[in-house]
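# Overview (structure and organization)
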Amino acid sequence: MSEVSYSLVNNATGEKVDLPAIGGTLGPVGLDVGKVYDKTGAFTYDPGFTSTCSTKSAITYIDGDEGVLLYRGYPVAQLAQHCSFLEVAYLILNGELPNKTALETFDQSIRRHTMINEGLKSFFNGFHYDAHPMAMLTGVVGSLSGFYHDTGNNKDPRHREIFAHRMIAKIPTIAAAAYKKYYGQPFMYPQNHLDYCSNLLHMMFAVPAEPYHVDPIAAKALDVLFILHADHEQNASTSTVRMAGSTGTNPYAAISAGIAALWGPAHGGANEAVLNMLDEIGDVKNVQGFMDKVKDKQSGVRLMGFGHRVYKNFDPRATIIREECHKVLKALKIDDPKLELAMKLEEIALNDDYFKARKLYPNVDFYSGIIYKALGIPVNMFTPMFAVARTVGWVAHWSEMVGDGPLKIARPRQVYTGAAERNVVPVAQR
Ligand code: CMC
């Protein structure tokens, strides 16, 4: 508990309720409102959780005003510069960067868990031919719970570790299988001599009929993108995983719930929406007209890839991705007019009073789609890519929650706005 003290005052009676402040290492304190209902008979109300901490966590820190993002204390830009995605995954899961031996052991374990049960593959056959890959990902990851159902062991750290390694290793295999199903190509087995991102690209783009060489530039670009997407504290999908997990459900089912939450265009689906938006605008000459629509509240049009609930300065991931985007397009010798269009949109938005007044800046998804496109990844696979990377965060948060003390079910309350109590009139008399 911190030294700072807060209380809630009932203005009519002068009665006070103390709100103990929960202090962390960095950032604002959280006021403990757990006793407010007991003491006042009133609930606290915060529908979008704009002022509400749902938990304490030691994994990721964000300072939205300063544009800071730390995984276990390390700035994300340093991690993207010096580490591989699996090194960062180890850090997020275990709290410390691995030494060489620990990294090798972790890497081996992930490589050994990449295959999926042959029975699981048949689940894909049930999907409609044009099912969105996120629909398949949600369903098939959920069905992993039918293969690994020993949830009684959630308190056992070794059990949680095996779950983490399985989930991180199998999610690229499942995402690639969803891609193959969508495009009507045969599934490709993982090749465990390949690193994490090369293996994913191989499973997506190789075909049995001919050899396939993974472009190291593409694998490296994906690795950096995955580092930037690996965790983001209590975002909507992670909170969903925690909420589902708080009931003691099967952890694979909890991850599936997180994937469903990620899919929406306000969250992970924004990367797909950005590319669709750029397609719709089509040309630099149409940018101003589009911006006018965005600013007209009646139109319901938003500038996708802009704005963030937490970042009210800039999204540090967006800065790295912007640079990465230029690097990748140059290295792959791609001249994509979409990049020019995106830069024009960004320039206009950053100088426009509407965006300045609301502190709306480009977020991580504004440029990630252009990189994915340059790597040959189709638009409907952008959000599955995000899901592969974010699996690390989901697994780490689930494990932190389950491992930390008694598990309390997450059960919010509501302000009821329906009919007051009334009597049923039998149907014959209605
Ligand atoms: N384009 C136009 N106006 C916007 C936008 C936008 N992208 N984002 C917010 N606004 C306006 C909004 O209309 C509101 O205006 P007013 O105060 O006049 O009513 C104001 O800015 C505050 O918006 P809000 O919806 O209350 O803010 P929020 O914190 O609830 O929403 C957000 C955050 C990310 C959902 C929202 O900014 C948005 O819809 N952005 C576009 C979708 C997007 O890029 N999402 C990816 C987020 S980053 C990846 C991830 O971590 O998931």
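Values in this document were obtained by computation on a predicted structure and should not be read as measured data. (Residues numbered from 1 in each chain as written. Predicted model: local features only at pLDDT ≥ 70, side-chain atom pairs only at ≥ 80, totals over all residues. Heavy atoms only, no water.)

## Some words on the nonpolar core
Within the largest apolar cluster, 115 residues are counted, with the highest numbers of intra-cluster contacts made by Tyr196, Leu222, Phe226, Met277, Leu303 and Leu345. Sorting elements by how many residues they give to this core places helix H18 (residues 382-403) first, with 13 residues. Apart from residues no more than four positions distant in its own chain, phenylalanine 226 is found in contact with Phe85, Tyr196, Cys197, Leu200, Tyr372, Met385, Val388 and Ala389. (Core = buried A, V, L, I, M, F, W, Y, C linked by side-chain atoms within 4.5 Å. Buried < 20%, exposed > 50% of the residue type's maximum accessible area, 1.4 Å probe, protein only. Helix = DSSP H or I, 4+ residues; strand = E, 2+ residues; numbered from the N terminus. Contact = heavy atoms within 4.5 Å.)

## A closer look at unusual backbone geometry
In this structure, phenylalanine 49 is a non-glycine residue whose phi angle is positive, near 55 degrees. Its place among the elements puts phenylalanine 49 in the loop between helix H1 (36-40) and strand E4 (60-63). Taking the relative accessible area as the measure of exposure, phenylalanine 49 reaches 53% and is therefore exposed. Positive phi, normally seen in glycine, also occurs at glutamate 233, with a value near 40 degrees.

## Some details on the domain arrangement of the protein chain
Entries for the protein chain in the domain assignment read domain 1 (2-53) and domain 2 (80-404). Summarising the inter-unit geometry, the C-alpha centres of domain 1 and domain 2 are found 36 Å apart. (Domains from an automatic or database assignment.)

## Some details on the pairing of strand E2 (residues 16-22)
Each regular strand carries side chains that alternate between the two faces of the sheet. Side chains Val17, Leu19 and Ala21 project from E2 onto a buried face, and the interleaved Lys16, Asp18, Pro20 and Ile22 project onto a face without burial. Pairing analysis gives 5 bridges linking strand E1 (residues 5-9) to E2, with the strands arranged antiparallel. Bridge pairing in E2 places valine 9 opposite lysine 16. Connecting E1 to the antiparallel partner E2 that follows it, the hairpin turn spans 6 residues, and glycine 14 within it adopts a positive phi of roughly 80 degrees. Alignment of E2 against strand E3 (residues 30-31), held across 2 bridges, turns out to be antiparallel. Within the sheet, the bridge partner assigned to isoleucine 22 lies in E3 and is glycine 30. (Pairing = 2+ DSSP bridges.)

## Here we look at the site of the ligand
Not every one of the 22 residues close to the ligand is listed here, only the nearest: His267, Lys297, Arg302, Leu303 and Arg309. One nitrogen or oxygen atom from the main chain of alanine 266 is found 3.1 Å from a nitrogen atom belonging to the ligand. Protein burial of the ligand: of its 940 Å² of free accessible surface, 76% is covered by the chains. Residues belonging to the shell around the ligand are distributed by class as follows: 10 nonpolar, 6 polar and 6 charged. (Near = heavy atom within 4 Å. Polar contact = N/O pair within 3.5 Å; in protein donor to acceptor, adjacent residues only side chain to side chain. Areas by Shrake-Rupley, 256 points an atom, 1.4 Å probe, with all protein chains shown as cover. Nonpolar A, V, L, I, M, F, W, Y, C, P; charged D, E, K, R; others polar.)

## Describing the side chain of serine 246
Within the secondary structure, serine 246 is located in the loop between helix H10 (236-245) and helix H11 (251-262). Its relative accessible area of 5% is what places serine 246 among the buried residues. Other than its neighbours up to four places away in sequence, serine 246 contacts Met401, Leu407, Lys408, Ile409 and Ala410.

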